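The residues making up each chain are set out below.
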Amino acid sequence: MTEISFRKQLFKAIKELKNELEELGRYGTPYLIGEIKKVNGKWEVHLAVSVIEEKIEEFSIEENETLMFICPVRDTRPYKVYMDVISLISNKRLQQEIKPGSVIKGNPRRALKRMGFEILWMHSQNTSEGTYITVWASKRGNRYTITMKVVGEETKIIEVKKI
């Protein structure tokens, strides 16, 4: 099976769980639990939904030809769940964490949104040392104050504080 049909198969499996995700969402945060494995050159996708009392972080484990993951479902629309799973299993979420010293090219607001941040407030201030941007943002239920400095066409992360 090709990568494209693997993705179609994953999306179809998520669509089939839509009603279950919505029902369990009434009782708490539903978690999508999955196993994706390659057997005899073909992909198999196995998904289940559960409500877990304690808040746990999403994670994925890859072993041999099998990928296992747990992903909280914040939005039950199948496309959103699919994008969260794809992002998790391709490790994009790990790559999209910002740290002091990180550089953002282009529009900082768009870049932060692509990284999964919801922008609550953004302010730019010109000083004698340059232009600084202060952002209040949230991601995965956490709130952050992010301070950035504009350097030419790039924006450098100065400080990231979890509030």
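To start, this report covers the structure provided alongside it. Only a predicted model underlies this, so the values are computations on that prediction, with no experimental measurement involved.

Quick notes on the rules
As a convention, each chain's residues are numbered from 1 in the sequence order in which they are written. Given that this is a predicted model, residues contribute local features only at a pLDDT of at least 70 and side-chain atom pairs are listed and counted only at 80 or more, while totals for whole chains, interfaces and linings are drawn from all residues. Excluded from the side-chain calculations are hydrogens and water; all other atoms, namely the structure's heavy atoms, are used. To qualify as a helix, a DSSP run of H or I must reach at least 4 residues; to qualify as a strand, a run of E must reach at least 2; elements of each kind are numbered from the N terminus. The cut-offs for exposure are 20% and 50% of the maximum accessible area for each residue type, with area from a 1.4 Å probe on protein chains only; residues under the lower value are buried, those over the upper are exposed, and the others partly exposed. In what follows, a contact means two residues having at least one pair of non-hydrogen atoms within 4.5 Å. For the accessible areas, the method is Shrake-Rupley and the probe is 1.4 Å, while residue cover comes only from the protein chains on display. Only four residue types enter the charge count: Lys and Arg as positive, Asp and Glu as negative, with His and the chain ends excluded. Just so you know, the charge point we use is NZ for Lys, CZ for Arg, CG for Asp and CD for Glu. In short, DSSP must find at least two bridges between two strands for them to pair. To get an axis, fit a line to the C-alpha atoms, keeping to the stretch in contact for a helix; angles then go from 0 to 180 degrees between the N-to-C directions. Only one rule defines a salt bridge in this text: a Lys or Arg side-chain nitrogen within 4 Å of an Asp or Glu carboxyl oxygen. Within this scheme, the nonpolar core is defined by two criteria: the residues are buried Ala, Val, Leu, Ile, Met, Phe, Trp, Tyr or Cys, and they are joined through side-chain atoms within 4.5 Å.

**Structural notes on the overall build of the chain**
Along its length, the chain carries five helices and nine strands. Based on the C-alpha atoms only, the size of the chain along its principal axes is roughly 60 × 35 × 25 Å. The buried share among the 163 residues of the chain stands at 32%. Nonlocal contacts in the chain, meaning residues at least 24 apart in sequence, comprise 44% of its contacts between residues at least 6 apart. Total accessible area on the chain is roughly 10,600 Å²; 49% of this is exposed by carbon and sulfur atoms. Between the mean site of the 28 positive side-chain charges and the mean site of the 22 negative ones, the chain shows a separation of 7 Å.

**Here's the deal with the sheet that holds strand 2 (residues 42–51)**
Strand order in the open sheet made by the four strands is 2-1-4-3, with antiparallel pairing throughout. For this open sheet the edge positions go to strand 2 and strand 3 (59–63), each flanked by a neighbour on one side alone. Sheet twist, expressed as the average angle between the axes of neighbouring strands with direction ignored, equals 10 degrees. Looking at chain direction, strand 1 (residues 30–39) and strand 4 (residues 66–72) are connected through seven bridges and run antiparallel. When the bridges of strand 4 are listed, Tyr31 appears paired with Pro72. Packing against the sheet, helix 2 (residues 18–25) makes contact with strand 1 and strand 2, and its axis sits at approximately 20 degrees to strand 2. Relative to strand 4, helix 3 (residues 78–89) is tilted by about 130 degrees, and along the sheet it contacts strand 1, strand 3 and strand 4.

**Details of the pairing of strand 1**
Here strand 1 runs beside strand 2; their pairing, made up of ten bridges, is antiparallel. Each bridged residue has a counterpart across the sheet, and for Lys38 the counterpart in strand 2 is Trp43. The loop that links strand 1 with its antiparallel partner strand 2 comprises two residues; one of these, Asn40, has a positive phi angle of about 50 degrees.

**Description of the pattern of salt bridges**
A side chain of one charge can pair with a side chain of the opposite charge if their charged atoms are brought near each other. Considering all chains together, one arrives at four salt bridges under this definition. In this structure, Glu23 and Arg26 form a salt bridge, with 3.0 Å as the shortest nitrogen-oxygen distance. On the accessibility criterion, Glu23 (33% relative accessible area) is partly exposed. For Arg26, a relative accessible area of 63% translates into the label exposed. With its nearest N and O atoms 3.7 Å apart, the salt bridge here joins Lys37 to Glu35.

**Concerning the nonpolar core**
A general trend in soluble globular proteins is that nonpolar side chains are found buried together. Of all hydrophobic cores here, the largest spans 21 residues; its most connected members are Leu10, Leu32, Leu47, Phe69 and Val85. For this core, the elements supplying multiple residues, two or more each, are helix 1 (3–16), strand 1, strand 2, strand 4 and helix 3. Broken down by element, this core gets its largest block of residues, six residues, from helix 3. Residues within four places of Phe69 in sequence aside, it is in contact with Leu32, Ile33, Gly34, Glu35, Ile36, Leu47, Phe59, Ser60, Val85, Leu88 and Ile89. In this structure, Ile104, Ala137, Tyr144 and Ile157 belong to the second largest nonpolar core, which totals 14 residues.

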